[in-house]
Amino acid sequence: MQREEILGWLRQDRPDALERLQKRADRVRRERVGDAVHLRAIVEISNVCARRCAYCGLRGPNSRLPRYCMTAAEVLACARRARRCGLGTVVLQAGESDALCADWISDLIRRIKRETDLAITLSLGERSPEELAAWRRAGADRYLLRFETSNAELLQRVHPPRPDRPERSRLALLGELRSLGYEVGSGCMVGLPGQQLADLADDIALFGELDLDMVGLGPYLAHPDTPMGRNPARYLAASEQVPASVEMCCKALALTRLACPDANIPATTALVTLAPEDGLERGLRWGANVFMPNLTPSEYRASYRIYPGKADCADGDPDALQRRLRRLGRTPGRGRGDSPNWLARRAAPSAANGLRPVA
C-alpha cells in the first residue's frame, strides 16, 4: 500500500467505509495465511533493563519495580508446559540488559531444542551482531525487535540511547537478523504520545518496505511510574495525535495486513488489555492470525509491568479458547506456524539476502 492511501484510511471514520476495510483485510488474511490462529507461549524471563524509555515500566530508573531473572530450570519448565499444551513456539522475552549474558542464552536455547521441538523466538532488545549470530547458531528461529516509531525525532524523545554503549540503529539490526536467517519481526505502538497520524502511516508503510515476517502493534498504555505516565501533556502531538483506541488499533491492524499480506500478525496482549471482553476477537477479525498466551510463572508475572493491568491469558481453559476461535471460523494452528513470507524467502534465498536499505 502507498503511504497516502494508508494515511487516508487512518483518517477515515465512516462506519460503512471501515466495514469495507475490515472485510478486505480479513479476506487477504484468509487467502494468504489461512484460518489457523498460531499460539505462541510468552515467557518473560527477566525484567531487568538498562534502557530509560519514557513509556515503559521496565525502564532502569524505575526503583518501584521488583527485579528478577528466571533460572534456566524455570524457563525449561515453561517450555515443557508449552509443549504439553500443544503450542508450537516459545517466545523468550526480557528487558534489554547484559544481565542475560550471551553464553547463558545460547545454552538455554540448546537445552530447549534438545528437550522439545518448539520454535524459539527471542525478544531481548538491541544486542550485538556477534550475540545474534551465536544465538542463531545455537538454534534460535526468530527475533522480534520493534522500531517503535519511524519518526527519528520522536524516537529520540521517548527511547533515549543507553548511557553505557554506543547507540545501534534498530533498522540496521533488523538487516543483520535477516542476513543471519532469522524470521524477522518488528512493530510499533499505536497512540504513542507525540505520534501523529502521518507518523503511523509512515510506520505501516515501512513494515511493507522492510518485508517483515512478523509484525506486532498494539495500543500505547500509560504507566504511572514513567515520564509519559506522569506528564503526558508534555509529549502529545500538536496536531492529529493518534488516539490509543481500539478503533485506531483495528484500522492499523487491517492496514498492516494489507501492507504485509504474508506476515504473521498477533492480536496483542495490549489490545486485549484495552478491550478485555472482545479484544482478541476484534484483532483476529481485522487481520491478525497469532495469539500469545503468557506462561510466565505467577511469582514473576506481576513484576513484568511494561504497563499496568496487563491482561492475564496464562491459565485460561484451552477448550474455551478453542471455542472462541471456532465461533470466528478459526482453529488453533498446528506445529511451528512459520511465516509464509519467511518460507518463501527461504525457498529462494538468492532473491533476498537482506532487508531493503532503509536508514
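Preceding block: the structure.
These remarks concern the structure in this document. All values reported here derive from a predicted model rather than from experimental measurement.

**Section: helix α7 (residues 170-180)**
Item 1. Looking at α7, one finds that the buried residues are Arg-170, Leu-171, Leu-173, Leu-174, Leu-177 and Arg-178. Viewed along the axis of α7, the buried residues span an arc of 155°, placing them on a single side of the element.
Item 2. Tucked into the core, α7 has its buried residues touching α5 (129-138), β4 (142-144), β5 (183-190), α8 (197-210) and α15 (340-347).
Item 3. At the N-terminal boundary of α7, the capping side chain belongs to Ser-169, with an oxygen 3.3 Å from the backbone nitrogen of Leu-171.
Item 4. Directly beyond the C-terminal end of α7, a positive phi value near 95° is found at Gly-181.

**Some words on the packing of aromatic side chains**
Item 1. Going through the model one piece at a time under the given rule, you end up with three aromatic pairs.
Item 2. Seen from their ring centres, Tyr-143 and Tyr-182 are 6.0 Å apart, and the 80° between their planes marks the pair as edge-to-face. Of this pair, Tyr-143 sits in strand β4 while Tyr-182 sits in the loop between α7 and β5, and the two are 39 residues apart along the sequence.
Item 3. Ring geometry for Phe-147 against Phe-207: centres 5.6 Å apart, planes inclined by 45°, an arrangement best described as tilted. Taken as a pair, Phe-147 in the loop between β4 and α6 (152-158) and Phe-207 in helix α8 lie far apart in primary sequence, 60 residues in all.

**Examining the pairing of β5**
Item 1. When you tally the buried positions in β5, you get eight out of eight residues, the bulk of the element.
Item 2. Summarising the sheet, β4 and β5 pair through three bridges and their orientation is parallel. Paired with Arg-142 across the strands is Glu-183, a residue of β5.
Item 3. For the handedness criterion, the β-α-β arrangement of β5, α8 and strand β6 (residues 214-219) is classed as right-handed.

What counts and what doesn't
Each chain carries its own residue numbering, running from 1 in the written order of its sequence. Whole-chain, interface and lining totals are the exception, using all residues; otherwise, since this is a predicted model, local features are given only for residues with pLDDT of at least 70 and side-chain atom pairs are given and counted only at 80 or more. The side-chain values count all of the structure's non-hydrogen atoms but skip hydrogen atoms and water molecules. When accessible area is computed with a 1.4 Å probe and restricted to protein chains, residues below 20% of their type maximum are described as buried, those above 50% as exposed, and intermediate ones as partly exposed. Numbering of helices and strands starts at the N terminus; helices are DSSP runs of H or I of at least 4 residues and strands are runs of E of at least 2. Directions are taken from the helix axis to each C-beta atom, and the arc is the one they span. The contact criterion used throughout is that any non-hydrogen atoms of two residues lie within 4.5 Å. In the analysis that follows, any N or O atom pair within 3.5 Å is treated as a polar contact, provided that within protein one partner can donate a hydrogen and the other can accept it, and provided that, for residues neighboring in sequence, both atoms belong to side chains. A pair of aromatic rings is counted whenever rings of Phe, Tyr or Trp (Trp by its six-membered ring) have centres within 6.5 Å, and the orientation is called stacked for planes under 30 degrees apart, edge-to-face for over 60 and tilted otherwise. At least two DSSP bridges between two strands are required for those strands to pair. A clockwise course of the path from the first strand over the helix to the second, judged with the strands pointing away from the viewer, identifies a crossover as right-handed.

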